[in-house]
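So you can see what is in the structure, the chains are spelled out below.
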Amino acid sequence: MEVTKLEHACQVVTSGGARLVIDPGGFTRPVDVTGVVAVVVTHEHPDHVTPEQVRGILDRNPGAVVLGPAGVAAALAEDGIDVAVVTDGDHREVGPFALDFHGSRHNVIHASVPVVDNTGVLVDGRLFHPGDAYTVPGVPVEVLAAPVGAPWLKVAEMMDWIAAVAPQRAYPIHEATLSDVGFAMHTDRQRQAIGDGELVVLQPGESLTI
């Protein structure tokens, strides 16, 4: 299995020629890939999903299914896109991928900002993408896609969460809100938090073999 990091929150996971796209949002280049069996959307915020991105993927991959929490289903229904609703504790198998879903709510941004549905995904029991939440899945995680910058993110809490998940490897995602200097500072803290594990910094378009 291989994961390719695109800009910000979007990842493309490849296994045996099949692909899984996670969080194709508006901060990411158009996701122009084939072989896609599923699109997983962790929550409805536009940096994680736009109708244009999902429609473009489905046009190239008409057999693909879209999975996400209820808030995503409601948001994409306005554009005629069907979403199979998943939430905390659900399990789905799509193509070669076994998907386990963890968490139900987005981290708090501010008391004035509504808290939306957010459900992270564990792919093949190995790679965990949390969306925008400090969800600890409660099972071993080999590779963690770790948010590094966000309006809801506090560095101390980020470090505690990484330590609690305790992955063997992690790579930073959700970087679009940071300058180069801020990104370097935050990844240093991620590297500290992972302890004996390894932090791999992927540039957009680079891949990690799992």
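Residues numbered from 1 in each chain as written. Predicted model: local features only at pLDDT ≥ 70, side-chain atom pairs only at ≥ 80, totals over all residues. Heavy atoms only, no water.

Going by the annotation in an unreviewed UniProt entry, the name recorded for the chain is MBL fold metallo-hydrolase, with Curtobacterium caseinilyticum given as the source organism.

Undergrad: Please explain the sheet that holds strand β8 (residues 97-102) as it appears in this structure.
TA: Strands sit in the order β7-β8-β9-β10-β11-β12-β13 across an open sheet of seven strands; the sheet is mixed. For this open sheet the edge positions go to β7 (91-94) and β13 (198-199), each flanked by a neighbour on one side alone. Where strand β10 (residues 127-129) meets strand β11 (residues 143-147), two bridges bridge the pair, whose relative direction is parallel. Paired with F128 across the two strands is L144, which belongs to β11. (Pairing = 2+ DSSP bridges. Helix = DSSP H or I, 4+ residues; strand = E, 2+ residues; numbered from the N terminus.)

Undergrad: For this particular structure, what's the right way to read the nonpolar core?
TA: With 25 residues, the main nonpolar core has V13, L20, V40, L99, V123, L127 and Y171 as its most contacted residues. Looking at this core, the elements that each hand over two or more residues are β3 (18-22), β4 (36-40), β8, β9 (120-123), β11 and β12 (169-173). With residues near it in sequence (within four places) discarded, L99 still touches L20, V40, D90, H91, R92, V94, V121, L122 and V123. Ranked by size, the runner-up nonpolar core spans 20 residues in total, among them V12, V36, L58 and I81. (Core = buried A, V, L, I, M, F, W, Y, C linked by side-chain atoms within 4.5 Å. Buried < 20%, exposed > 50% of the residue type's maximum accessible area, 1.4 Å probe, protein only. Contact = heavy atoms within 4.5 Å.)

Undergrad: Even after reading the chapter, I still don't get unusual backbone geometry, so can you show me in this structure?
TA: Among all residues except glycine, the phi angle is most often negative; among peptide bonds, the trans geometry is most common. Within the chain, D23 stands out as a residue other than glycine whose phi angle is a positive 55 degrees. Here D23 is to be found in the loop between β3 and β4. By relative accessible area, D23 is classed as buried at 0%. Phi angles above zero are rare outside glycine, and A166 is one such case at about 55 degrees. Following the sequence through the fold, A166 ends up in the loop between α3 (155-165) and β12.

Undergrad: It is not clear to me how the packing of aromatic side chains should be interpreted in this structure. Could you clarify?
TA: Two numbers describe a pair of aromatic rings. These are the distance of the centres and the angle of the planes. Counted according to the given criterion, the structure contains two aromatic pairs. Ring centres of Y134 and W152 lie 5.3 Å apart, and the angle between their planes is 70 degrees; on these two criteria the pair is classed as edge-to-face. Here W152 lies in the loop between β11 and α3 and Y134 lies in the loop between β10 and β11, a separation of 18 residues in the sequence. We note that Y134, like W152, is buried. Residues Y134 and W161 carry aromatic rings whose centres are separated by 5.7 Å and whose planes lie at 45 degrees to one another, so their mutual orientation is tilted. One end of the pair, Y134, is in the loop between β10 and β11; the other, W161, is in helix α3, with 27 residues separating them in the sequence. (Phe/Tyr/Trp six-rings, centres within 6.5 Å; stacked < 30°, edge-to-face > 60°.)

Undergrad: Which parts of the structure should I look at to understand the pattern of salt bridges?
TA: A side chain of one charge can pair with a side chain of the opposite charge when the charged atoms of the two come close. Under the criterion given, the structure shown has seven salt bridges. The partner of R29 in a salt bridge is E7, and the shortest N-O contact between them spans 2.9 Å. Highlighted residues: R29 in the loop between β3 and β4 and E7 in the loop between β1 (2-5) and β2 (11-15), separated in sequence by 22 residues. In this structure R29 comes out as partly exposed when scored by relative accessible area, which is 37%. With its nearest N and O atoms 2.9 Å apart, the salt bridge here joins D32 to R60. Linking D32 in the loop between β3 and β4 with R60 in helix α1 (residues 51-60), this pair joins segments that are 28 residues apart in sequence. R60 gets classed as partly exposed once you look at its relative accessible area, which sits at 38%. (Salt bridge = Lys/Arg side-chain N within 4 Å of Asp/Glu carboxyl O.)

Undergrad: Where do I start with the side chain of D132 in this structure?
TA: Tracing the backbone through its elements, the reader meets D132 in the loop between β10 and β11. Among buried Asp, Glu, Lys and Arg side chains, D132 stands out as unpaired, with K5 the closest opposite charge at 12 Å. Within polar-contact distance, the side chain of D132 engages the side chain of H43 at 3.2 Å. Every residue in contact with D132, bar those within four places of it in the chain, is listed here: H43, H45, H48, H106, N107, N118, W152 and H174. (Lys, Arg positive; Asp, Glu negative; His and termini not counted. Polar contact = N/O pair within 3.5 Å; in protein donor to acceptor, adjacent residues only side chain to side chain.)

Undergrad: When you look at the packing of α3 against helix α4 (residues 180-193) in this model, what are you seeing that I'm missing?
TA: Working note: a packed helix pair is described by the angle between its axes plus the distance between those axes. Where α3 meets α4, the axes come as close as 8 Å, and the angle between the chain directions of the two elements is 35 degrees. Note that α3 runs across α4; the crossing there is right-handed. For the pair α3 and α4, contact is made by V155, M158, M159, I162 and A163 and by H186, R189, Q190, Q192 and A193, respectively. Partitioned by chemical class, the residues of the contact of α3 with α4 number six nonpolar, three polar and one charged. (Axes fitted to C-alpha atoms, helices over the stretch in contact; angles between N-to-C directions. Left-handed = near helix turned anticlockwise from the far one by under 90°. Nonpolar A, V, L, I, M, F, W, Y, C, P; charged D, E, K, R; others polar.)

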